[in-house]
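If you want the building blocks of each chain, they are given just below.
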Amino acid sequence: MMTQTYRLAALLLLMVLPDLALAATCSCAGTPLMGALNTSTTEQGDLYFSLTSEFHEISDLVQGRKQIDDETGRERSSLSQALAFSYGLSDRWALSGLFTYIEHEREVRSSFFGSKQRTSGLGDSVLMLRYTPLYITPFSRHELSLGMGARLPIGKDDAGGLIRFSEDMQPGTGAAGAILWGQHRLAFNQAATRTLTSSIFYTRNNWENERDYAFGHQLVAGVDFIQNLNTRFSYAAGLRYQHTTSDRRLGFEVPNTGGQWLDFTPAFNYSLDNGLDINLSGRIPLDRKLDGAIQFTTSYSYALSLTYGF
Amino acid sequence: MNQAKPVSSGRSPIILLAALLAMFRIPAALAQAATLDNDILTLHELKVDSQYFVVELQMIPSSEPLAFSLVDFAELSGPSLENPNLLTGNLLEIPAIPIGELSYWVKLRLQEEPGLQLILEDFGLNADAPGGCVRPEPDASHGSNNPQVVNGFSVSTEFLFDGGPGQDGIPSIDGPVFEGLPNKGALDPDQLVVGVKMGDTVRAYPHYVLDWHEIVNDRYSLNGEAVRHTLSYCPLTGSAMMWKGDLDGQPVEFGVSGLLLNSNLILYDRNTGSLWSQMLEQSINGPSILTIPERVQVIETTWETWRIMYPQSELLTSFTGYDRPYETYPYGNFRTSEALRFPVENSDDRRLPRKDRVVGINVGDTSRVYPIKNFGNGVTVINEKVGDTDVVVVGSGNSNFGAVYSRQIEDCSTLEFSAVADQLPVVMSDNEGNQWDIFGVAVSGPRIGQSLQKTNSYIAYWYAWTAFFAGTTIWE
C-alpha cells in the first residue's frame, strides 16, 4: 500500500516539476485560495464548514529581491471572505469546495486628487476531490492525501464599469484553472499531538479570460510544525514557498509578473466544546525574488477562520 | 489652448524687415492705426487702458529678435479710429501695418530690462488684405472633428482600461533636473531621446527616464518669461508629445491618470481633473472635454543623432527624487516582441510588426504612416499629398528620426523639397534655395527664419497607430 501511495505522490510531483523549470515571475495580486480550502481529514458522512476572512496587504515595492522606496505612497490591499466545505464521501474520498467574496482596495496617497479605488464581488470558486490512502492511526504515523480539482471562474471579472480595472483589481480571474494538491502528515507521537505537515498545491492556468489574459501557473509548497498544547489549544509554525510564472496576454508574458516567495507562517488554533474551531494565522515575507523590473507584492497577510464540524 | 489666429503666424524678422523696406514707396496713411517709414514705426493711436497716445518707435538695428525702442509719444484727446493699437499688460497688438500690397498684424512685447524695448513676438498676414492669401490652419483633430459624447466620454470606452498603478501611481517629474552640455558618453548612443528646441533652449528627454515617469512638467524661458510645457511619453505605444501648459489662460500641469486608451497614456490635468488622450491629443472626459492642447514639435531620435544635431542640448537626468531602477527597462521584452499589454482596437492589423516605429500623419479622415526603418540610410525626403494637404516627410532609418510638415508656406506657395545629406540638423532644401532644419525652420536662403507649418503627426508603434486610426495607409 505504501509503495502505491508514494508512486502516486511521485506522479503528482512529475506533473508539477516541468513547470518549475519554465517558471518566470508573479504579481501575487491574485487572491489566495489554498489557505481557505478546508482539507480536514474526514470520514464518511463528516461535514465541515469553515468561514475564513483574510486580509492581504500588497504594498511592498520590490526590484528583484530589493525593497525600494515608493514615494507615491501607494497602498494596495485585498480582503477575502471564503466559505469552504469538506464532505467525506467515504473513509478515503472527500469533496472540498470553496466560495469567495473579494474586496480590493488601492490608494495612491500622493495622488493630486486623492486616488482611491475599490472593487468587490464574487471571486473564483474551487471544487476538489480528495483521496486519502493513508491515515494516522495507532499503527501508522503517516497520513497522505491527494487531490485534484478545478478553479471555477464564477466570479465577477468586469469590475470598473466604463473603465475596466486591471486583472489584479478584479474579484475573479475570469478563467478556469486546474488544481493538483498533495499533503503528507507525520505524527511524532502516537497521540499525534506533534505533527509535521507538508503540502503542495499547484494551479495550472492554461485558459485565458475574455480579455485574452491568463494568470501565471502557481506552485505553493509548505511545511508546518503543529504542536497541540492540550485538547483545546495548538499552535503552528511553518514555511511557505510560492513560485508563480508570468501572467500572459495573448500568449505573451506580461512584464513584472511572477516570481518566488518564501514566507513564515505562524498559526494558532483554539477548539471550543461545541465543535467550533477558531484559527488565527499569518504570513510574513522572509525572502522573495521577483521577475521583471519592479513589482508591488505582499507586505503581510493574516486570516481568521472559524470551522465547524457536524 | 486651441486658439485660432486670423492667419498663420511666422517668426521671421528678416521677412518683416524686407517687407518693411518696401514701405519706402508707400506714403504714411494717416487713416491707418500704424505705419512704417524706414525704421520708424508710428502708432497713430495706441489705447492704454482708457487713455490714447500717438507713439513713435524706432527699429533697433541688428536686433534679434527684431526690437523697437521708444522715440516719442504724446497723449491724444480721445479715440478716432475704429480699430486702434492696443497695449494690454506688456503685450502691444497692432492690428494692421500696410506693407506694399499686403497688410500684417503684429504683436510686440514690452520689455523694461535692459532699457525700454518692444520685442517682436509674432506677426502674420491679415486675411482681408487686398491680394492677401490665407493659408488654411491644419485640422487640429486626430480623427473626427465632432465626436459624439456618450457617458461623458468622447471616445468609445471599449478599449479604455485602468492600467493598475492608479492616478499618479506612475509619478510625473515636476521639477526636472537637466545636465547642461553633457558629454557624448552621458547616454548610450542608441538610446532614444525626445528632443525639443524652443527659443535658444534645446533639451533632450531620454526614454530611460521617461519610461518610469511618462510625464515631465517643464518650463521654458520664452522672451524672458517662464512658460510651462508638458512633455509626455507613453512607453507602451512609443509616442511622445509636448503640449503648452496652459488651459483657458491658466497654467496647468498634467499627471498620469493610470488609465489607458488602446494601451496609450491618458493624462489628467491638475486644474480640472479632465482626462486627455495622448495620441488623440484631446481631452476626452471632464470639464475640458474636446479641448485640443497647443502642440509643440518634438523630434524623437537617438542620442547620437541628437548630439550631432544639437551639441548644446541639455539632457534630462535621473535625479528625479524617486528611487527607481532606471538602468532597467520596466516592460521586459515588450518593445521588441509582438506582445500586447492591454487589449487594443484593430489588433489583427499585422501589416507591419506591432512595434515598428512609424511617423504618422492625420489630415481629416485620412491617415498615413511612414515606417522609420523604410527611410533607409541617409536622409529621405518625400513630397506628397495626404488628404488635401501637401506635405513633406523627412526621415532617416539609420539616424532614426522622422517628421512631417506642410509644404504650403505662409504666402500660400507650395515648396518642393529634396534631401540634404550629412549636414544635421539641416535635412532638406527647397526649390527656392532655402535650407531647412529638422524642426522645419529655414536656416538659410530667402526664407531664413520662417517655419514650416506643423502637422498632426508624431512617431508611435505601428500597433498603436492602427488601433487609433483604422484604415491608415502605409508608405512603402
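Residues numbered from 1 in each chain as written. Chains lettered and ligands numbered in written order. Predicted model: local features only at pLDDT ≥ 70, side-chain atom pairs only at ≥ 80, totals over all residues.

Moving on, we come to the overall build of chain B. Regarding its fold elements, chain B presents four helices and 36 strands. Its C-alpha radius of gyration of 24 Å places chain B within 12% of the 23 Å reference for a compact globule of 476 residues. Along the first, second and third principal axes, the C-alpha set of chain B runs to 70 × 45 × 45 Å. By residue count, 47% of the 476 residues in chain B fall in the buried class. In chain B, the proportion of contacts linking residues at least 24 apart, taken out of those at least 6 apart, comes to 58%. (Helix = DSSP H or I, 4+ residues; strand = E, 2+ residues; numbered from the N terminus. Rg over C-alpha atoms; globule rule 2.2 N^0.38 Å. Buried ≥ 20, exposed ≤ 12 C-beta atoms within 10 Å, placed from the backbone. Contact = placed C-beta atoms within 7 Å.)

Our focus in this paragraph is the pairing of strand β16 (residues 239-244) of chain B. Residue and element names in this part refer to chain B. Burial of β16 is extensive: five of the six residues sit out of reach of the surface. Inspection of the sheet shows strand β15 (residues 225-234) paired to β16 by six bridges, in the antiparallel sense. Pairing of Leu231 across the sheet is with Met242, part of β16. (Pairing = 2+ DSSP bridges.)

Turning next to the sheet that holds strand β15 (residues 252-253) of chain A. In space, the three strands of this open sheet follow the order β11-β14-β15 (chain A), with antiparallel pairing throughout. For this open sheet the edge positions go to β11 (213-214) and β15 of chain A, each flanked by a neighbour on one side alone.

As a further point, take the interface of chain A and chain B. In many analyses, interface size is given as the accessible surface area lost on bringing the parts together. Counting residues at the interface gives 34 residues for chain A, matched by 32 residues for chain B. The set of elements that each furnish at least two residues to the side of chain A that touches chain B consists of β5 (93-108), β6 (115-122) and β15 of chain A. The residue makeup of the side of chain A that touches chain B, split by class, is 14 nonpolar, ten polar and ten charged. (Nonpolar A, V, L, I, M, F, W, Y, C, P; charged D, E, K, R; others polar.)

Right, let's talk about the sheet that holds strand β23 (residues 295-296) of chain B for a bit. Residue and element names in this part refer to chain B. Taken in spatial order, the four strands make up an open sheet running β14-β15-β16-β23, and their pairing is antiparallel. Across the chains shown, the open sheet's two edge strands, defined by having one partner strand only, are β14 (215-222) and β23. Where β16 and β23 come together, two bridges link them in antiparallel fashion. Among the inter-strand pairings, Trp243 is bridged to a residue of β23, identified as Arg295.

All names here are of chain B. Pairing analysis gives eight bridges linking β14 to β15, with the strands arranged antiparallel. Residue Arg219 lies in a different strand from β15, and its bridge partner there is Arg228. Turn length for the β14-β15 hairpin, with the two strands adjacent in sequence and antiparallel, is two residues, and the turn residue Asn223 shows positive phi of about 50°. In this structure, the hairpin formed by β15 and β16 is closed by a connection of four residues, where Gly238 is found at a positive phi of approximately 65°.

Before going further, it helps to spend a moment on the nonpolar core. All names here are of chain B. If you look at the biggest cluster of nonpolar residues, it comprises 95 residues, and the most contacted ones within it are Val194, Tyr205 and Val358. It is helix α4 (residues 462-468) that contributes the most residues to this core, six residues altogether. Of the domains in this structure, domain 2 (160-316) and domain 3 (357-474) are the two that each give at least three residues to this core. If near-sequence neighbours (up to four positions away) are discounted, Val358 is found in contact with Val369, Tyr370, Pro371, Ile372, Ile459, Ala460, Trp462 and Trp465. Listed in part, the 26 residues of the second largest apolar core include Leu43, Leu57, Val106 and Leu118. (Core = buried A, V, L, I, M, F, W, Y, C linked by C-beta atoms within 7 Å. Domains from an automatic or database assignment.)

What follows is about unusual backbone geometry. Residues and elements named next belong to chain B. Here the amide bond leading from Leu424 into Pro425 is cis, since omega sits at 10°, within 30 degrees of zero. Within the fold, Pro425 resides in the loop between β31 (417-423) and β32 (426-430). One non-glycine residue, Leu181, adopts positive backbone phi at about 45°. Its place among the elements puts Leu181 in the loop between β11 (178-179) and β12 (192-198). Here Leu181 falls in the exposed class, since 10 other C-beta atoms lie within 10 Å of it. The backbone of Asn400 shows a phi angle near 65°, a positive value even though the residue is not glycine. Locating Asn400 in the fold gives a position in the loop between β29 (389-396) and β30 (401-406).

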